[in-house]
Amino acid sequence: MAQPIEDQVGFLGEACRAVQELSVSKSLLEKYRLEEKSLFRELEAERKAVTDAISLTVKKRVQEINDTYDREIAKEQDNLKRLRNKREKAKTQGIKERIEEETQELKDKNKELLTELKSVFKRDHVPSYCRSTWYYALFFTRGFSETIILLFTALIFFLAIPCGIYFLIPQRKSFYLAGIYFVSILLFGGIYILINNRTRVRHPEALKKGRAIKNSIKSNRRKLRAIIRSIKKDRNEKVYNLEKFDDEIARTEQDLADIADKKQEALNTFDKVTSTIISDEIASSKREKISQLEKEHEDAVNNWKEAQIRVKEQTLFINDNYASYIGSEYMIPEKLDELADMIRMGKAQTISEAKEIYNSIKD
């Protein structure tokens, strides 16, 4: 059973001191909380600085390794490209020389045939234009290409020119076209007959022999093209003496592979060993400061926890011993002092009476 309070003023004084002590404890709690928070930020900043320094240094070292080996790889790649270009040029030159060598006989034969053709025509006084392919296509047509030339010539003289002239006339009429065609046939047909009479009729044997010679030349040219195609398609490169280029290219490719292997090995070594050493070196330079901050932070956390316990205990003590009787709304030093003064001055005999007077005054 609760005992009655004999010393009302003393009870209020004890309550006031308890509240004041609680206020001091709360101030300390807030101080320790701010101190813990500040130390935690400083500790995290130091840890982050170490982490960033390690990351930046490791990244820089890795980049230096990559750059060093990449420069060497680039040099070897340029050298390999140069060797391949030289090999390709040597092969191209070899093909040219082989073509020249294997076609020389046919070329010489065609030169002899052309000389013979000129001699035959000169001896028989045949006009020089009769040696042209265009002439033989018109008067001694043979083969697909000459047939095309003949048709193309006919289209020009008997279609393109007459139609062109007709479309240039401002007022076109159908009989104009008929007249143009009539004139074209007379003009170009007459020229054709005139050339035929002056050449084919006068020099039939020379022109026939020329036809045979041109056929031989054409046949030789077909053989030339066949030889050139065969040489270009030939995959056997031994005849071009490219072994020295192939050996240099193989060595360079092996050097490239070796550098790539060494680069990978250097990166692996750095990742497994060197980066750890770098990390330890950077961390060791800050280890003492971080350890000091960790200790200070740990002490601040302990102080904060102890202050929390103390505030909790004091709060419960005040609640159990004073607030439950006086009322939590009066647990303020100023109010408790006023209640004590009322009793001390005889205005009230008990705490309850003092509270009533206090409330009446405030109201």
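Below, the structure is looked at part by part.

What counts, and where the lines are drawn
Residues numbered from 1 in each chain as written. Predicted model: local features only at pLDDT ≥ 70, side-chain atom pairs only at ≥ 80, totals over all residues. Heavy atoms only, no water. Core = buried A, V, L, I, M, F, W, Y, C linked by side-chain atoms within 4.5 Å. Buried < 20%, exposed > 50% of the residue type's maximum accessible area, 1.4 Å probe, protein only. Helix = DSSP H or I, 4+ residues; strand = E, 2+ residues; numbered from the N terminus. Contact = heavy atoms within 4.5 Å. Patch = residues over 30% accessible without salt bridge, like charges linked within 9 Å, V, L, I, M, F, W, Y side chains within 5 Å. Areas by Shrake-Rupley, 256 points an atom, 1.4 Å probe, with all protein chains shown as cover. Salt bridge = Lys/Arg side-chain N within 4 Å of Asp/Glu carboxyl O. Lys, Arg positive; Asp, Glu negative; His and termini not counted. Charge placed at Lys NZ, Arg CZ, Asp CG, Glu CD. Phe/Tyr/Trp six-rings, centres within 6.5 Å; stacked < 30°, edge-to-face > 60°. Axes fitted to C-alpha atoms, helices over the stretch in contact; angles between N-to-C directions. Parallel < 35°, antiparallel > 145°, perpendicular 65-115°, else oblique. Nonpolar A, V, L, I, M, F, W, Y, C, P; charged D, E, K, R; others polar.

So, on to the nonpolar core. Ranked by size, the top nonpolar core spans 26 residues in total, and within it Leu12, Ile318, Tyr322, Ile326, Met331, Leu336 and Leu339 carry the most contacts. Every element with two or more residues in this core is listed here: α1 (8-123), α6 (243-326), α7 (333-344) and α8 (351-362). The element contributing the most residues to this core is α1, with nine residues. Ignoring anything within four residues of it in the chain, the contact list for Leu339 reads Leu12, Ile326, Tyr330, Ala354, Lys355 and Tyr358.

Moving on, we come to a positive patch on the surface. On the surface, a cluster of positive charge is made up of Lys109, Arg221, Arg222, Lys223, Arg225, Arg229 and Lys233. Broken down by element, the residue count for the positive patch peaks at six residues, all from helix α5 (residues 204-233). Along the chain, Arg229 falls in helix α5.

A ring pair, where both rings are aromatic, is described by two values, the distance of the centres and the angle of the planes. In this structure the tally under the stated criterion is twelve aromatic pairs. For the pair Phe157 and Phe188, a centre-to-centre distance of 4.7 Å together with 55° between the ring planes defines the contact as tilted. Here Phe157 is found in helix α3 (residues 143-168), whereas its partner Phe188 is found in helix α4 (residues 174-200), with 31 residues between them in sequence. Residue Phe157 is classed as partly exposed on the basis of its relative accessible area of 28%. Seen from their ring centres, Phe158 and Phe188 are 6.2 Å apart, and the 90° between their planes marks the pair as edge-to-face.

Our next topic: the packing of α1 against α6. The contact between α1 and α6 brings their axes to 7 Å, and the two run at 175°. Our classification of the angle between α1 and α6 gives roughly antiparallel. Class assignment for the residues of the contact of α1 with α6 results in 44 nonpolar, 15 polar and 27 charged.

With respect to the element layout, Phe270 can be found in helix α6. Linking Phe270 and Glu237, residues 33 residues apart in sequence, is a C-alpha distance of 46 Å. If we skip the residues at most four places from it in the chain, Phe270 touches Val58, Arg61, Val62, Ile65, Ser275 and Ile278.

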